[in-house]
Amino acid sequence: MPIKGVIFDLFHTLTGLESGWSELPLTSDVLGIDRKVWDELLTSRSRERLIGEQRDPYAIIRTLAHAADPSIPEARIHEAVGIRIQRFRDSLVRIPRENVETLKALRAAAVRLGLISNADMMEVAAWPESPLAGLFDVEMFSCTAGCAKPEPAIYRRCLDALGLSVTECLYVGDGGSNELIGAKEVGLSTVFISGVVAELWPDRVPQRLATCDHHLERVPQLLDLLGLSPSKS
């Protein structure tokens, strides 16, 4: 069956290399927490923020920071909140042009587009300012959906809103939060975008390769995969 829809992840898939996100420091650096420890907290111990049960930016960062080190002072947490909000704004504004053009090419080919992002309220606060806003037929952020990847519900809700079946769609992402595994479990074919992962966590690439149906380094290569590149159209 021909592909009629593509569902994308947002951060580390459609955003650029994290080294180019912002000139501001990482939240973990501001707080004085090891990056690996911070990443683990973000991915495995903060469902409340991801599904919107915890919405206050200060409370979110304080909860995570004190899970790692209860002695981190309040002033440093306030500083980290402000920097994190601006850093994510920068990442959403600085979307690589080639990714924007890829989405426009897919829309021009009548491919329906969905977005599923695991994100808390502060991480997508600047979404309306992003060049990606308005390019999707369906936008689903976990903090407003009340569920998060890899839970089946969030994929199924997106598919229902697109009006498409699993056999008519691809899921495209960097593989964080076991999103590729979750997508496959609901029946979606998956595409692993490895460019950002290779920059940040090259040791994670092999495992994610084992969980995908297709592997691309960059988003624009999706047009070739679907037979929609200019030379083939």
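Residues numbered from 1 in each chain as written. Predicted model: local features only at pLDDT ≥ 70, side-chain atom pairs only at ≥ 80, totals over all residues. Heavy atoms only, no water.

## Considerations on the sheet that holds strand β1 (residues 5–8)
So, step 1. One open sheet accounts for six strands, arranged β3-β2-β1-β4-β5-β6; its pairing is parallel. A strand with exactly one partner marks an edge of an open sheet, and here the two such strands are β3 (138–141) and β6 (214–216). Looking at each pair of strands side by side, their axes are set apart by 20° on average, direction ignored.
So, step 2. Here strand β5 (residues 189–193) runs beside β6; their pairing, made up of three bridges, is parallel. Bridge pairing in β6 places V191 opposite H214. (Pairing = 2+ DSSP bridges. Helix = DSSP H or I, 4+ residues; strand = E, 2+ residues; numbered from the N terminus. Axes fitted to C-alpha atoms, helices over the stretch in contact; angles between N-to-C directions.)

## Focus: the environment of S130
So, step 1. Counting through the fold element by element, S130 comes out in the loop between β2 (112–117) and β3.
So, step 2. If near-sequence neighbours (up to four positions away) are discounted, S130 is found in contact with L92 and I95. (Contact = heavy atoms within 4.5 Å.)

## A closer look at the layout of surface pockets
Think of a ball as big as a water molecule: rolled over the atoms, this probe shows where empty space is left.
So, step 1. Size it by volume and the largest pocket reaches roughly 570 Å³.
So, step 2. Around the largest pocket, the lining is made up of 29 residues, and of these F11, H12, L42, T43 and W201 lie nearest the centre.
So, step 3. At the level of elements, α1 (27–31), α2 (35–44), α3 (47–50) and α5 (74–93) are the ones that each hand at least two residues to the lining of the largest pocket.
So, step 4. With five residues, the single largest contributor to the lining of the largest pocket is α2. (1 Å grid on protein atoms, 1.4 Å probe; cavity = no way out; pocket = protein on both sides within 12 Å on 5 of 7 lines; lining within 4 Å. Points joined across faces, edges and corners; volume = space filled by probe spheres on them.)

## Looking at unusual backbone geometry
So, step 1. Note that the residue after K149, namely P150, is joined by a cis bond; omega there is 10°.
So, step 2. Within the fold, P150 resides in the loop between α7 (142–145) and α8 (152–162).
So, step 3. Residue H12 is not a glycine yet carries a positive backbone phi of 70°.
So, step 4. With respect to the helices, strands and loops of the structure, H12 is situated in the loop between β1 and α1.

## Considering the packing of α2 against helix α4 (residues 57–68)
So, step 1. Taken N-terminus to C-terminus, the directions of α2 and α4 make an angle of 130°; their axes are 10 Å apart at the nearest point. Our classification of the angle between α2 and α4 gives oblique. As for how α2 packs across α4, the hand of that crossing is right-handed. Residues V37, W38, L41 and L42 of α2 lie in contact with α4, whose contacting residues are I61, L64, A65, A67 and A68.
So, step 2. By residue class, the composition of the contact of α2 with α4 is nine nonpolar, no polar and no charged. (Parallel < 35°, antiparallel > 145°, perpendicular 65-115°, else oblique. Left-handed = near helix turned anticlockwise from the far one by under 90°. Nonpolar A, V, L, I, M, F, W, Y, C, P; charged D, E, K, R; others polar.)

## Regarding the nonpolar core
So, step 1. Residues F8, L10, L14, L103, L132, F136 and L222 are the most contacted members of the largest nonpolar core, which totals 32 residues.
So, step 2. The residues contacting L14, other than those within four sequence positions of it, are F8, D9, I95, P96, N99, L103, L115, L132, F136 and V219.
So, step 3. Counting residues in each nonpolar core, the second largest holds 23 residues, with I7, V186, W201 and C212 among its members. (Core = buried A, V, L, I, M, F, W, Y, C linked by side-chain atoms within 4.5 Å. Buried < 20%, exposed > 50% of the residue type's maximum accessible area, 1.4 Å probe, protein only.)

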